[in-house]
Amino acid sequence: MAGTISDIKKLEYDIHKYSSYSSSYLPENIREDNPANQTSRWSSNTNTPPQFLILKLERPAIVTRIKFGKYEKTHVCNLRKLKILGGLEEDRMMLLFEGGLRNDSVPETFNLKHRTNSGELLPIKYIQIVPLLSWGPSFNFCIWYVELLGIEDSIFILSNLRKYNMLREIEIVRLFLKHCRQQGYVRAFNALQEETGVRLEDDKMTELHEILVNRGDFKKTEEMLIDFIATGLMDDYLARQEYKPQWSLQLTPENEPRPGRRGGHQLIIDPQTSTIYLYGGWDGNEDLSDLWSYDVRTNRWTLIHERSEQLDGPTPRACHKMVYDTSSSQIFMLGRYLDSMSRTEENINSDFYLYNTVTRTWFQICNDTSQVGGPQLVFDHQMCIDVDKQTIYVFGGRILEPKYAVSLSLRNEEETTGQYRYSGLFSYHISTNTWTHILVDCGHPSASSPHVESIRSRVTHSMLFHHKHRKLYIFGGQRGKEYMTDFLIYDVDTNELSNMTPEKNNADAKNVPQSGFTQRATIDCEKDEIYVLTSLSKEKERRDLNLNSFWLFSLGKKEWSCVYKSEHSNGENCYQKNQSTCHEPCPRYAHQIVYDSTNQVHFLFGGNPGTNSNVRLDDFWVLRLEKPNRDNILRYCKYLLRKQEYEEITKSDPLAAILYLQTKLYDIIDHSDPVQLKEFHKLASLLFKSDSCTAAGSDGMEPTSLLSHSLSGGGGGGVVCSNASVGSANAGGVGGGGGGSKHKQPPSSNDDEDDRKGEANQAKVMRVESPKASTTEEADTSSISSMSSSDCSSSQTNASQSQTKAEQDVTAAPSSMVLVKSTTDSNDVVAPRMGSAAPDTIGLIATPSTSRGTGASRNRAADQQFELKIRRCLLFNKLVDLLPEPLCQPKKNISDFVLL
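## Side note on the pairing of strand β25 (residues 434-441)
Two faces belong to every sheet, and in a regular strand the side chains alternate between them.
Argument step 1. As paired strands, strand β24 (residues 425-429) and β25 are joined by five bridges and run antiparallel to one another. In the strand pairing of β25, Ser427 is matched with Thr436.
Argument step 2. Where β24 folds back on β25, the antiparallel hairpin that results is connected by four residues, among which Asn433 adopts a positive phi of roughly 55°.
Argument step 3. As paired strands, β25 and strand β26 (residues 454-455) are joined by two bridges and run parallel to one another. Of the residues in β26, the one forming a bridge with Val440 is Ser454.

Structure follows, in structure tokens:
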């Protein structure tokens, strides 16, 4: 009987090849799991790359997971970073995993990529493990034990091999079809397509190519793109774009009331009415008990109660937690911090309150939850509410006890070692007014019982509830002196606790939110995204890392990405009432943040800047995370098309080009934006250049600002974090390029300096970005560069003329479109895209097809037509990169696989 994907078992392998080994630490040692034996490992004899192990399976298999065993103690040679490749052939392997191991004694298992991009299972026979970094940077690499898990059923694998080979054959034919079309081999293209029945692309893409590249019908092309965008064909591309952060200080009228300075307060939001509620906190001198509401729509604060304890409400407090029940319009509040002198028997009770936002009344549910099965008095805990099941979850926090209940020696030991008492996971059912102790803390006396489930509790962590997934997500925090980095998932329906393993697990702290820093988290259940703002650490020794960073965790992709990072220095402006000079909030702790899921906006209030024991903040900030929309990408596509059409018109009819510039191009330029206006003027300058310089005149003119917008009071000083998983290069070189004819004079250093200052002051956010530059795109242009058609039958007039015109032609193309290196002049360098490597001095040498004669001289008209078709092909490739990959031609080219 054929196997299935669920029939996972241990796979046998041999050591096929290795880079090196040291002493008796042979590669074969990794086949035996012996954590107590320090010599049972493979160790390289150097950490100079490349170091690797290649494992060979007995037969092709579907390898789904890999397990790494470890030594019983931490070890400096453990792999902090590594990557794993696999394939049917040892010289042609693809990336299956990239990440790292924790430096501990606990074995780790990782999922490997085992499906093709089209979803078919991927058989492999070779696995290559490539160490990149050890935990001791100057030490060699070692691997203790490797176990491969997967399916090796022969019938099942044979079936998948056939599917895999059939898909490979189809892709090979598609590569040939793409090559034939680019080279103008029309009869070969038609014959191959008829013989195999394989389509190069969707009929819509074929029609787009015919209309744009062959006919040059820009009006019809624009109509097609409008239809593509309206039907959502570019939505997937838009969704893959990175967020652009925009901070703005939310100012309210001076004469109207607003909350004062504080930290340790609480914010919650009613998403149905867009109302934020703020309670309590510490103002630097005393705890507060005031309750405020903020109407997002009218931008107004309202003081509901100045002293809630006078209205049967809670006493002044800080470090408490609140949740909002949208079904009953009620607020629930639990926990608070007490200094050591206030921890008396009378004050140490865990009171539990309810506030009705409709009747504006308080009600004490319970004077001490620990007496009815709930948690003891805690602070720095977390609360979430499951509105559908009317259940509140409380996790973590440090337990407070009466000062005389703890001996002086024990108290000193706690402060020295950080071995405090922590609270576990509790649930409170609102309808029945009952508490349940779900998971005890691992330090609880009952945790040692095999019948009791436990969890590692902590403080200053994050906990969020996903009402669709029915899960609690818990991550980060601190336990004693240890900073937690785990990511826990608790299924509230099955009571199952698991550990989230990111798809691109990387122990490098640069790729995840840093532990030990104050973090505030929110969730968008519709987008399956978790947002985390990390800021100042409470630990004084970590204050040198003075930064804010904003992170996104995709629950669908299971990976982190950095949206925003800024090294903002605290200054006097951060503590003054008028903070308009700040472009973003200064680093802090004890602040609060809430997420308005309706308007998709974050709000941040107050906190402690950590510079003075009595100074607290009262600033109120708004963070908007924006992505390009359909209007932005339509405007971008129109710009690309009209720019190309305009450049073609300038060569044949300058008077018509002037009219086109004044109408079609004028309409999509924001003339109040100096950057866009500069680009528009550069387009106009094409009219005053000779034919030989026309192509060079448009160098680097991608719409760097065309699809951007000015930030009103936000974003200054911040940088957008680059991320391998969700990223794209900017849509062009800033302010035009440095490429062009070798006779063109380079810009002055003063002009460059002015441009840089202007760009910094603009604080722009790109709204639509060109697809990321890649090696395949470079090869794609190399393939196109040799394109010939029936209209281009003669050869170049001479090598020098060809090279000059080709260099001019390339300057308007993306920096990723590369081509043959030129050694003529340093002024021919093309301005690189942001996010892509700076190219060498390059030029495009248009090579005639091998089927054409090389002795005949190409006439001027044919030469222009040849260049024209190249430029249209480049534009076509840029447009289809915005469309779903299954509809389009292959990204790669035959030239990628041909080496001479």
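From this point, the discussion proceeds with the structure in view.
## Digging into the environment of Ser535
Argument step 1. Mapping Ser535 onto the fold places it in the loop between β34 (529-534) and β35 (548-554).
Argument step 2. By relative accessible area, which is 2% here, Ser535 ends up buried.
Argument step 3. On a C-alpha basis, the gap between Ser535 and Ser566 in space is 10.0 Å, while along the polypeptide they are 31 residues apart.
Argument step 4. Setting aside residues up to four positions removed in sequence, Ser535 forms contacts with Phe517, Thr518, Leu547, Asn548, Cys586, Pro587, Arg588 and His591.
Argument step 5. Here Asn548 takes part through its side chain, which lies 2.6 Å from a polar atom of the side chain of Ser535.
Argument step 6. A polar contact of 2.8 Å, which involves the side chain of Ser535, links it to the backbone nitrogen of Arg588.

## Describing helix α4 (residues 218-230)
Argument step 1. Between its first and last C-alpha, α4 extends 18 Å over 13 residues, near the 18 Å set by a 1.5 Å rise per residue.
Argument step 2. By the burial criterion, the buried members of α4 are Phe218, Thr221, Glu222, Met224, Leu225, Phe228 and Ile229. Seen end-on, α4 carries its buried residues on one side only, within an arc spanning 160°. More than 90 degrees from the buried face of α4, the exposed residues found are Lys219 and Ala230.
Argument step 3. Looking at the buried side of α4, the elements it contacts are α3 (203-215), α7 (630-652) and α14 (860-880).
Argument step 4. Where α4 starts, the residue carrying a side-chain oxygen 3.4 Å from the main-chain nitrogen of Lys219 turns out to be Asp217.
Argument step 5. Once α4 ends, the next one or two residues include Gly232, with phi positive near 85°.

## Some words on the packing of aromatic side chains
Argument step 1. By the definition in use, this model includes 33 aromatic pairs.
Argument step 2. Ring centres of Trp247 and Trp621 lie 6.3 Å apart, and the angle between their planes is 85°; on these two criteria the pair is classed as edge-to-face. Taken together, the residues span a long stretch of sequence, with Trp247 in strand β11 (residues 244-249) and Trp621 in strand β39 (residues 617-626) at a distance of 374 residues. Each member of the pair Trp247 and Trp621 is classed as buried.

## A short note on the sheet that holds β25
Note on sheets: strands pair through backbone hydrogen bonds, and any given pair is parallel or antiparallel.
Argument step 1. Taken together, five strands build an open sheet; the order of strands is β21-β22-β24-β25-β26 and the sheet is mixed. In the strand order of this sheet, the two ends are held by β21 (382-386) and β26, each with one partner.

## Some remarks on the packing of helix α1 (residues 154-183) against helix α2 (residues 186-196)
In a pair of packed helices, the angle between the axes and the distance between the axes together describe the arrangement.
Argument step 1. Running from amino to carboxyl end, α1 crosses α2 at an angle of 160°, the nearest separation of the two axes being 9 Å. In terms of axis orientation, α1 runs roughly antiparallel to α2. Between α1 and α2 lies a crossing of left-handed hand. Where α1 approaches α2, its residues Val173, Phe176, Leu177, Cys180 and Arg181 are matched on the opposing element by Ala188, Phe189, Leu192, Gln193 and Thr196.

## Topic: the sheet that holds β34
Argument step 1. With respect to topology, four strands assemble into an open sheet ordered β33-β34-β35-β36, the strand pairing being antiparallel. Each edge of the open sheet is held by one strand with a lone partner, namely β33 (519-524) and β36 (559-566). With strand direction ignored, the average angle separating the axes of adjacent strands in the sheet is 20°.
Argument step 2. Here six bridges tie β34 to β35, and the two strands are oriented antiparallel to one another. Bridged to Leu533 within β35 is Phe550.

## Some details on the pattern of salt bridges
Argument step 1. Applying the stated criterion across every chain yields a total of 35 salt bridges.
Argument step 2. Linking Asp290 and Arg262 is a salt bridge whose minimum nitrogen-to-oxygen distance equals 2.8 Å. Taken together, the residues Asp290 in strand β14 (residues 287-295) and Arg262 in the loop between β11 and β12 (266-270) connect sequence positions 28 residues apart.
Argument step 3. Residue Arg456 pairs with Glu482 through a salt bridge whose shortest N-O separation is 2.7 Å. Residue Arg456 is found in the loop between β26 and β27 (462-466), and its partner Glu482 is found in strand β30 (residues 482-483); the two are separated by 26 residues along the sequence.
Argument step 4. Ionic contacts of the salt-bridge type, sharing partners, join the residues Lys70, Arg102, Asp104 and Glu108 into one network.

What counts, and at which threshold
Residues numbered from 1 in each chain as written. Predicted model: local features only at pLDDT ≥ 70, side-chain atom pairs only at ≥ 80, totals over all residues. Heavy atoms only, no water. Pairing = 2+ DSSP bridges. Helix = DSSP H or I, 4+ residues; strand = E, 2+ residues; numbered from the N terminus. Buried < 20%, exposed > 50% of the residue type's maximum accessible area, 1.4 Å probe, protein only. Contact = heavy atoms within 4.5 Å. Polar contact = N/O pair within 3.5 Å; in protein donor to acceptor, adjacent residues only side chain to side chain. Expected span 1.5 Å × (residues − 1). Arc of directions from axis to C-beta. Phe/Tyr/Trp six-rings, centres within 6.5 Å; stacked < 30°, edge-to-face > 60°. Axes fitted to C-alpha atoms, helices over the stretch in contact; angles between N-to-C directions. Parallel < 35°, antiparallel > 145°, perpendicular 65-115°, else oblique. Left-handed = near helix turned anticlockwise from the far one by under 90°. Salt bridge = Lys/Arg side-chain N within 4 Å of Asp/Glu carboxyl O.

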